[in-house]
There are 2 protein chains.
Amino acid sequence: MLKVPKHQVAGHEAIGGNLGPLIDDSGRFYKPLQDGERGTKELAFYHSLSSDTRLPDRIRKFFPAFYGSQLLEASDGSGLRPHLVLQDLASNHLDPSILDVKMGSRTWYPEASDDYIQRCLEKDRTTTTVSLGFRISGLQIYENKESGFWKPSRKDVLNFTVDNVRLVLRKFVSSNSPVDSNMKPDCCFAHSVYGGPAGILEQLLELKTWFEDQTVYHFNSSSLLILFDKESLWEGRTPFAEVKLIDFAHVEEGKGVIDHNFLGGLCSFIKFISEILTDLNE
Amino acid sequence: MLKVPKHQVAGHEAIGGNLGPLIDDSGRFYKPLQDGERGTKELAFYHSLSSDTRLPDRIRKFFPAFYGSQLLEASDGSGLRPHLVLQDLASNHLDPSILDVKMGSRTWYPEASDDYIQRCLEKDRTTTTVSLGFRISGLQIYENKESGFWKPSRKDVLNFTVDNVRLVLRKFVSSNSPVDSNMKPDCCFAHSVYGGPAGILEQLLELKTWFEDQTVYHFNSSSLLILFDKESLWEGRTPFAEVKLIDFAHVEEGKGVIDHNFLGGLCSFIKFISEILTDLNE
């Protein structure tokens, strides 16, 4: 029995007869193959990743598990369509707070058409992509049983300034309401979510070490997905906070060069996270 | 007595009545202030740097010493013009081999005009700036007393491909002739120039550590200058290999964000250099 994911924060959504991903109850995520080269590229990437023996396990864990592709009735009623069968990343979490962070100071890739590059560049300049080396492209923050989630609109998220980003990364790990913009976030979950040996920062640093060396893939326009749930936190379960890599429709071969575009943005993001931890300690 | 520098590999040159930098015999380099905002910005940067107490000495050594500004007769005969008075980086070296590496996967800065951005972008896409996160913008390699220097033309350097860059970084530390394009570079100076505790790689890694943390300056369109001389090498003098940062006409305030554009390119450059050392060890 396929259904629309409850915890999707970015990308096309299968709501109101649109084409979008579906999930089942067994923890699988069915992502419709995008038209043209994008779909083919993303499928090829997942296949290449699963057969890549050079990829150490400590890095493989950052990618959603891949179960091949499957023909399914598309959510927009357009008939059968191939879908990627992936791990449903939200299924391990109860009421997860989620950040989708599109990485890189450019979202275009060198071989793209002039027209495509100009359109991406325009968006990169009006969001924080150029200034920060990343942009938040979606998020939800769980508040409590009564209020549920704070999930700003796509338009609001696209308009985030550098200061908005700084604030949201604090709200993400705070106990006070994310809705009230005058309230200073208390960052009371920062140590347990961002910090510690299994926390987000350590995971990001592990990823960074890999990106300083790997010259196989260039992750153009891919995202970091950051998930944690307060329920696990309260029950003391680990790992309750995870970093995952998603969206590979524009992955290119590295041809012996590191992915300096992703890596630069990753270092910038790491600086923001570590600053929150440093501020707490002072 | 001012004269035209012998070892300039990039930038405007004071030859044939053009406006360019001059040197004297005491090891000072007189750089004419560029017109408009550029000149003002570069002068302001040097002043701010010299009074910046946050800058650790291990980082300060990467910048040319700054002796203020001075009104001088410009090399193009246009009359008196303010000049930056800097350390002549080549003066410590006898017949230096020099690489000028313009850093970053973009040479424009976010606040620039659309027109300026488009012109930079065009050049960034046709050189290795976008693909590598840096481009070589000039070089000279000392061969021997008879042949002197190999100094490819500006046009040839601008046309360098990724493979050309890979090759040039090997030729830079080889004893066989850089001119012959069929000869495989022997990389026989790689260990002593790139490697070792005082070598180029260690210096680059020190710089990288700083760039992962500093949020004060964004070095748009600045260059790494890499110098060494075989004479010092043969005489066993150290440090014979130096990394310097130059060209600050487009430095912007970091405003609490790291310079991910420079840092990404630096990591990419580091990977190229460390690969040469790894290949030798295998």
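In short, a report on the structure.

Calculation notes
- Residues numbered from 1 in each chain as written.
- Chains lettered and ligands numbered in written order.
- Predicted model: local features only at pLDDT ≥ 70, side-chain atom pairs only at ≥ 80, totals over all residues.
- Heavy atoms only, no water.
- Contact = heavy atoms within 4.5 Å.
- Buried area = accessible area lost by both parts, 1.4 Å probe.
- Salt bridge = Lys/Arg side-chain N within 4 Å of Asp/Glu carboxyl O.
- Polar contact = N/O pair within 3.5 Å; in protein donor to acceptor, adjacent residues only side chain to side chain.
- Helix = DSSP H or I, 4+ residues; strand = E, 2+ residues; numbered from the N terminus.
- Buried < 20%, exposed > 50% of the residue type's maximum accessible area, 1.4 Å probe, protein only.
- Pairing = 2+ DSSP bridges.
- Least-squares fit on C-alpha atoms with pLDDT ≥ 70 in both.
- Phe/Tyr/Trp six-rings, centres within 6.5 Å; stacked < 30°, edge-to-face > 60°.
- Lys NZ or Arg CZ within 6 Å of the ring centre and 35° of its normal.
- Axes fitted to C-alpha atoms, helices over the stretch in contact; angles between N-to-C directions.

Remarks on the interface of chain A and chain B
By convention, interface size is frequently given as the accessible area that disappears when the constituent parts associate.
For step 1, the next point in the chain: With 32 residues of chain A at the contact, the number on the chain B side is 33 residues.
For step 2, the next point in the chain: Of the roughly 2400 Å² buried between chain A and chain B, counting both surfaces, carbon and sulfur atoms make up 56%.
For step 3, the next point in the chain: On the chain A side of the interface with chain B, the three residues burying the most area are Arg 125, His 260 and Lys 271 of chain A, jointly 23% of the side's total.
For step 4, the next point in the chain: Between chain A and chain B we count 6 salt bridges in total.
For step 5, the next point in the chain: Among the salt bridges present, the one from Glu 212 of chain B reaches Lys 208 of chain A, with a minimum N-O distance of 2.8 Å.
For step 6, the next point in the chain: Scanning the region where chain A abuts chain B turns up 17 residue pairs in polar contact (both at pLDDT 80 or more).
For step 7, the next point in the chain: Those elements giving two or more residues to the side of chain A that touches chain B turn out to be α3 (114–126), α4 (129–132), α6 (162–171) and α10 (260–281) of chain A.

Re the side chain of Ser 222 of chain B
All names here are of chain B.
For step 1, the next point in the chain: Relative to the assigned elements, Ser 222 resides in the loop between β8 (217–219) and β9 (223–228).
For step 2, the next point in the chain: Ser 222 gets classed as buried once you look at its relative accessible area, which sits at 0%.
For step 3, the next point in the chain: Polar side-chain contacts of Ser 222 include one of 2.7 Å to the backbone oxygen of Asp 247.
For step 4, the next point in the chain: The residues contacting Ser 222, other than those within four sequence positions of it, are Val 101, Lys 102, Met 103, Ile 246, Asp 247, Phe 248 and Val 251.

Overview of the pairing of strand β2 (residues 28–32) of chain A
Residues and elements named next belong to chain A.
For step 1, the next point in the chain: Burial runs high along β2: 4 of the 5 residues are buried.
For step 2, the next point in the chain: Sheet topology places strand β1 (residues 22–23) next to β2; 2 bridges connect them, and they run antiparallel. Among the inter-strand pairings, Leu 22 is bridged to a residue of β2, identified as Tyr 30.
For step 3, the next point in the chain: Between β1 and β2, which pair antiparallel and follow one another directly, the connecting turn spans 4 residues, one of which, Gly 27, has a positive phi of 90°.

Concerning the relation of the copies chain A and chain B
Mapping between the two copies of the chain is achieved by a rotation about an axis and a shift along the axis.
For step 1, the next point in the chain: Least-squares fitting of chain A to chain B yields an RMSD of 0.0 Å, with the transformation described by 0.0 Å of translation along the axis and a rotation of 180°. Here the copies are linked by what is in effect a two-fold axis. Proximity to the rotation axis, assessed at the C-alpha, singles out Gly 264 of chain A in chain A; its C-alpha lies 2.2 Å from the axis.
For step 2, the next point in the chain: Interface overlap between copies is the fraction of interface residues in one copy that are interface residues in the other; for chain A against chain B it reaches 100%, indicating a shared surface.

Overview of the packing of aromatic side chains
For step 1, the next point in the chain: If you walk through the whole model with that rule in mind, you get 44 aromatic pairs over all chains.
For step 2, the next point in the chain: Consider the rings of Phe 45 of chain B and Phe 63 of chain B, whose centres lie 6.0 Å apart with planes at 50°: the pair is tilted. With Phe 45 of chain B in helix α1 (residues 36–50) and Phe 63 of chain B in the loop between α2 (57–60) and β3 (66–73), this residue pair connects regions lying 18 residues apart in the sequence.
For step 3, the next point in the chain: The exposure class assigned to Phe 63 of chain B is buried, which follows from its relative accessible area of 4%.
For step 4, the next point in the chain: Each member of the aromatic cluster is reached from another via a ring pair, and the members are Phe 45, Tyr 46, Phe 63, Phe 66, Trp 210, Phe 211, Tyr 217, Phe 219, Phe 248 and Phe 262 of chain A.
For step 5, the next point in the chain: In this arrangement the basic side chain of Arg 28 of chain A is found over the ring face of Tyr 67 of chain A, its NZ or CZ atom lying 3.7 Å from the centre.
For step 6, the next point in the chain: Cation over ring: Lys 171 of chain A sits above Trp 150 of chain A, and NZ or CZ is 4.6 Å from the ring centre.

Describing the pattern of salt bridges
For step 1, the next point in the chain: Across all of its chains, the model carries 32 salt bridges over all chains by this definition.
For step 2, the next point in the chain: Between Lys 3 of chain B and Asp 25 of chain B there is a salt bridge whose closest N-O contact spans 2.6 Å. In this pair, Lys 3 of chain B is assigned in the segment before β1 (22–23) and Asp 25 of chain B in the loop between β1 and β2 (28–32), connecting sequence segments 22 residues apart.
For step 3, the next point in the chain: Classification of Lys 3 of chain B by relative accessible area gives partly exposed; the value is 38%.
For step 4, the next point in the chain: Given the relative accessible area of 63%, Asp 25 of chain B is considered exposed.
For step 5, the next point in the chain: A salt bridge links Arg 170 of chain B to Asp 279 of chain B, with the shortest nitrogen-to-oxygen separation between them at 2.8 Å. On the criterion of sequence distance, the pair formed by Arg 170 of chain B in helix α6 (residues 162–171) and Asp 279 of chain B in helix α10 (residues 260–281) is long-range, its members being 109 residues apart.
For step 6, the next point in the chain: A residue is classified by how much of its surface remains accessible, and Asp 279 of chain B, at 42% relative accessible area, is partly exposed.
For step 7, the next point in the chain: Here the salt bridges do not stand alone but share partners, grouping Lys 208 and Glu 212 of chain A together with Lys 208 and Glu 212 of chain B into one network.

What to know about the sheet that holds β9 of chain B
Residues and elements named next belong to chain B.
For step 1, the next point in the chain: Ordered in space as β7-β6-β5-β9-β10, the 5 strands form an open sheet in which the pairing is antiparallel. Looking at which strands have only one partner, the edges of the open sheet turn out to be β7 (148–150) and β10 (241–246). Strand-to-strand twist in this sheet, taken as the mean axis angle between neighbours without regard to direction, amounts to 15°.
For step 2, the next point in the chain: Judged from the 3 bridges that link them, strand β6 (residues 134–144) and β7 form a sheet pairing that is antiparallel. The residue bridging Ile 141 from the neighbouring strand is Trp 150, located in β7.
For step 3, the next point in the chain: Contacts from α6 reach β5 (97–103), β6 and β7, with the element oriented near 35° to β6.
For step 4, the next point in the chain: Of the strands in this sheet, β9 and β10 touch helix α8 (residues 200–211), which is tilted by about 35° from β10.

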